[in-house]
Amino acid sequence: MIILGIETSCDDTALALIETEGTGLNTRCRVIASLVHSQADLHSAYGGVFPTLAKREHGKNIVPLLHKLFTDIEPGTVCVSLEHFTKTLDSFKSLQETNPDLYESVIHAEFLKNIPRIDRIAVTEGPGLEPALWVGISFARILGSLWNIPLIPVNHMEGHVIGSLLTSDTAMGTWQILKPVHFPALALLISGGHTELVTIDEQLKYSIIGQTKDDAVGEAFDKVARLLGLPYPGGPHISKLAHEAWEQKIPSPVSLPRPMIGSKDLNFSFSGLKTAVLYAVRAGSDASGVLSDDFKKGLAHEFEQAVTETLEAKLRKAIDETGAETLIIGGGVSANHVLRHRFQAVADEYAIPLYMPTRHISGDNALMIALAGSLHTTDTPRALKADGTKRLDK
C-alpha cells in the first residue's frame, strides 16, 4: 500500500510518500520520499508563528512541493478527464475566497490530471493552528475527490508517537520494520504546542495522564529565547548558549524554579519558569537594557537544566505509576541533546527500551503522518469521505 502524507499543522509544509506491508505495529515500510518546506525564517520577525502568514505560505507551497515529490514515483497512466477535473474544482470554489493561493495553484497544476499510484491519503486533522491545518485538509479533500482515493485523518500527536518507532528516515527505498513495543507503553510528547504524558495499550489506544497547565515546553523555550534576544525558533539557540556555559564553566546568575516537580500529579507548568527568567533578565540588564554574553549563557544553561530536571522527574513518576515497559519520546524538543542524554539514563536505570525520533522525525513532518495513517483502516469512523466529513456509519 502506498500512502501520501500531508502535514500543515504549524509553519512547516510537509509531504511524504511511503509504501507499507502488514498491519498494525507489525507493519514494515519503505520511505519513498519525505519533503519539508520550512517557514521559520519568515516567522522569525514575529518571534513565533503568525497563523495567517503560515496559512498563506502553505497555500503557495503545497502544490509545487507535491510536484517535486512526484518526481520520485512512477507517473500514473490513468488521466482525470477534463470534465471531472472541472467539476471537482467547481465543488471547491469557496477556496477562491478562503485560500486563493491554494486554489490558483491547483487550477494550473496539470500534473494533477495524472492519477498517481497511491492507495490512500493521510492528513493531519489536528491539533495545530486552525488556519494552517485547513490548507492541508482542503488539499487532501481536493486530491481525494479528484483521484477517488480515501482520506485518513491523523492526530498530529499520534504521528509523533508512531514516527519515533521508525528505524531510519534516511534509508530511502529500503524496507524496515517498526521498533518492537512492549505494553503498556509510555510516551512523553514535547513540542512547541504540547507537553503530554500518554499511555498506550495493545490496541493503540491513548490516554493522557499528564499535560501542561499553561505553556508547552517548546513554547517556553521560544519565549525565553525572545527574552534573551535570540532568534526563532529558540530551542537550538538556547541549547547552544547552554553548552557554551557548560564548556566555559560559566555559573548561572540566578537559581530558577523547577515548577510542579514535587506535585502529586503528572502535570506540568512552565509559565512561572518563563516569568522567573523575565525577572532575571530585568535585574541583570545594564542601564541600556543590555545583557552580557556570560549572563545569557549562564541563564540559558540554568533554564535548560530546570526544564530537564522537571521533565525527568515527571517521567520517572509516570514510569513508576504505569509500570511502563516501553518509553517513547516525541516532538521537536526531543532534539535537545541534554534531554536525550537524561532520558536515555532514565531508560537504562529502569531497564526498558527507549525510542526517540531521528532528527528529521523530531520536527513536524509528513512521514510520521503517513506512517500513523497506515495503522488505520479506511472503513473505521476515523476515515474521511472525499467531501471531508467523517464517516460515522461504521
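Cut-offs applied
Residues numbered from 1 in each chain as written. Predicted model: local features only at pLDDT ≥ 70, side-chain atom pairs only at ≥ 80, totals over all residues. Heavy atoms only, no water. Pairing = 2+ DSSP bridges. Helix = DSSP H or I, 4+ residues; strand = E, 2+ residues; numbered from the N terminus. Contact = heavy atoms within 4.5 Å. Axes fitted to C-alpha atoms, helices over the stretch in contact; angles between N-to-C directions. Phe/Tyr/Trp six-rings, centres within 6.5 Å; stacked < 30°, edge-to-face > 60°. Buried < 20%, exposed > 50% of the residue type's maximum accessible area, 1.4 Å probe, protein only. Parallel < 35°, antiparallel > 145°, perpendicular 65-115°, else oblique. Nonpolar A, V, L, I, M, F, W, Y, C, P; charged D, E, K, R; others polar.

A separate point is the sheet that holds strand β12 (residues 326–330). Here we have 5 strands laid out as an open sheet, ordered β11-β10-β9-β12-β13, and mixed in their pairing. The strands lining the two open edges of the sheet, one partner per strand, are β11 (206–211) and β13 (354–355). Here strand β9 (residues 185–190) runs beside strand β10 (residues 195–200); their pairing, made up of 6 bridges, is antiparallel. By the bridge assignment for β10, A185 is matched with I200. Contacts from helix α7 (residues 156–163) reach β9, β10, β11 and β12, with the element oriented near 120° to β9.

Applying the stated criterion across every chain yields a total of 4 aromatic pairs. Aromatic pair F70 and F111: ring centres 6.0 Å apart, planes at 85°, arrangement edge-to-face. Of this pair, F70 sits in the loop between α2 (51–69) and β4 (78–79) while F111 sits in the loop between α5 (100–107) and β5 (114–115), and the two are 41 residues apart along the sequence. Residues F70 and F111 agree in their burial class; the two are buried.

Following both chains from N to C, one finds helix α8 (residues 217–227) and helix α11 (residues 293–322) inclined at 170°, their axes separated by 12 Å at the closest point. The angle between α8 and α11 falls in the class roughly antiparallel. Contacts from V217, A220, F221 and V224 in α8 reach F303, V307 and L311 in α11. Its residues placed into classes, the contact of α8 with α11 shows 7 nonpolar, no polar and no charged.

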